[in-house]
Amino acid sequence: MISGLSRLAQPFLLAMDPEQAHELTIRALSSGLHPRAIMPVDPLLRQRFWDLDFPNPLGMAAGFDKNAKAPDALLSIGFGFTEIGTVTPLAQAGNPRPRIFRLREDQGVVNRLGFNNEGHEAALRRLRGRPRRGIVGVNIGANKDSADRISDYVAGIGTFAAVASYFTVNISSPNTPGLRNLQQGEALDELLEKVMAARNAATGEGRRAPVLLKVAPDIDRLQIDTIAAAVRAHAVDGIIVSNTTLARTGLRSPLRDETGGLSGRPLFERSTIVLAQMRLAVGPELPIIGVGGIHSADSAWEKLRAGANLLQIYSALVYGGVGLAADIVAGIARRMHREKLGSLAEVTSTGAEDWASRAP
Ligand SMILES: Cc1cc2nc3c(=O)[nH]c(=O)nc-3n(C[C@H](O)[C@H](O)[C@H](O)COP(=O)(O)O)c2cc1C
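Residues numbered from 1 in each chain as written. Predicted model: local features only at pLDDT ≥ 70, side-chain atom pairs only at ≥ 80, totals over all residues. Heavy atoms only, no water.

**Quick word on the sheet that holds strand β11 (residues 261–264)**
Moving on, step 1. With antiparallel pairing, three strands are arranged side by side in an open sheet as β5-β6-β11. Since the sheet does not close on itself, it has two edges, and those belong to β5 (100–103) and β11, each with one partner. Adjacent strand axes in the sheet meet at a mean angle of 25 degrees when their direction is disregarded. (Pairing = 2+ DSSP bridges. Helix = DSSP H or I, 4+ residues; strand = E, 2+ residues; numbered from the N terminus. Axes fitted to C-alpha atoms, helices over the stretch in contact; angles between N-to-C directions.)

**Observations regarding unusual backbone geometry**
Moving on, step 1. Cis peptide bonds are those with omega within 30 degrees of zero, and the linkage from G85 to T86 qualifies with 15 degrees.
Moving on, step 2. By the element assignment, T86 lies in strand β4 (residues 81–87).
Moving on, step 3. A positive phi is found at F115, a non-glycine position, where the angle reads about 55 degrees.
Moving on, step 4. Positionally, F115 belongs in the loop between β6 (108–111) and α4 (120–128).
Moving on, step 5. A positive phi angle, close to 55 degrees, is found at K340, a residue other than glycine.
Moving on, step 6. Residue position: K340 is located in the loop between α11 (324–338) and α12 (352–356).
Moving on, step 7. The exposure class of K340 is exposed, given its relative accessible area of 73%. (Buried < 20%, exposed > 50% of the residue type's maximum accessible area, 1.4 Å probe, protein only.)

**Looking at the nonpolar core**
Moving on, step 1. Of all hydrophobic cores here, the largest spans 88 residues; its most connected members are Y153, F160, L213, M278 and I332.
Moving on, step 2. Take this core: its biggest share by element is eight residues, from helix α8 (residues 268–282).
Moving on, step 3. Those residues within four positions of Y153 in sequence are excluded, and the remaining contacts are I140, G141, A142, V169, N170, I171, L179, L182, L191 and V195.
Moving on, step 4. Of all hydrophobic cores here, the second largest spans 12 residues; its members include F54, A61, Y166 and L212. (Core = buried A, V, L, I, M, F, W, Y, C linked by side-chain atoms within 4.5 Å. Contact = heavy atoms within 4.5 Å.)

**Quick word on the pattern of salt bridges**
Any two side chains of opposite charge can pair, on the condition that their charged atoms come close.
Moving on, step 1. Inspection of every chain in the model, using the stated rule, returns 17 salt bridges.
Moving on, step 2. In this structure, the salt-bridge partner of D72 is R130, at a minimum N-O distance of 2.8 Å. Placement of D72 in helix α3 (residues 71–76) and of R130 in the loop between α4 and β7 (136–140) is noted, with a sequence separation of 58 residues between them.
Moving on, step 3. Of the residues examined, D72 reaches a relative accessible area of 30% and is grouped as partly exposed.
Moving on, step 4. You can call R130 buried: its relative accessible area is 9%.
Moving on, step 5. Here R126 ties to E118 by a salt bridge, and the two come within 2.8 Å at their closest N and O atoms.
Moving on, step 6. What makes R126 partly exposed here is its relative accessible area of 24%.
Moving on, step 7. For E118, a relative accessible area of 32% gives the class partly exposed.
Moving on, step 8. Through salt bridges with shared partners, a single ionic network connects E19, E23, R97 and R99. (Salt bridge = Lys/Arg side-chain N within 4 Å of Asp/Glu carboxyl O.)

This is how it looks when you write it as structure tokens:
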């Protein structure tokens, strides 16, 4: 089916410059030149969070479709949801190329894109023009040269309130200098206060799109507790753990010292430990999206066990093709049947204590 076809194209894409390969993939998806997954939705994989019905737990992570060019194509090839962005109010070019590196020996990726994107208006135009089917989150950020970064997030909420299934407040990219400072105590409080107020104001009597906070994996237990307390205090609707890491341990690839955020398989362990620690800090109810290093049904399963309700993936698709998503979803469903489980809630957090106690 789909994965067979996309696997044929994969060697060609892997021979290309990573950013050109990515642009080609987006172009193929957005022009409909992609095979559709002929995949029935397995009722065992369905979950409802907030007011959204997720057909399966695996979403496309932010950064793949920054400018909202292919949300419907992604939903049609087996993703349960997708997240556009990060978008900033004004278009910006990002860092000079090359700025994406494949760490092939480690099955990892380093990127230092720096929020290259076409800005709010371009993404809004595309989202307005699409049928409102399927779950499409909007990941918002701040312009590099913004004099008031918090107001950039507030602007994002106002601009996309009518089209976002949910919002992700991204304060965890390592490629915009100083951005991660927004994860600290007072700055985080001010940001969340204003963002939640904007969300409540923008929606009026309509629906209130849930707001999720996306955090870095490079945080210790104290920071996890600070973030969990702020999320509770401001009634943030969920957390995404995690973005890319600045750490570089145990890598073999000659490109390992490139500056930027590391993702893919080498991120799995660290991001899963932080996910589990965050789960224990926020309690069992708050929805958490687990992301970082998922590359198979088994690694997806571990993320669920560590405390994730939903999952996202990006880097493994660089190596395995976008069709890998449908394979992983099918693998999760098979395991649910094999273990005679009735819902994903029976998997989530069953290994949180174990994962949380591992040394990062
Ligand atoms: C090339 C690239 C660009 C990314 N851009 C963004 C972004 O714009 N916003 C964001 O929140 N995360 C971004 N990410 C991070 C991913 O959404 C994800 O959190 C991270 O890559 C870990 O997942 P993975 O190991 O499955 O790739 C990017 C990742 C990559 C590899």
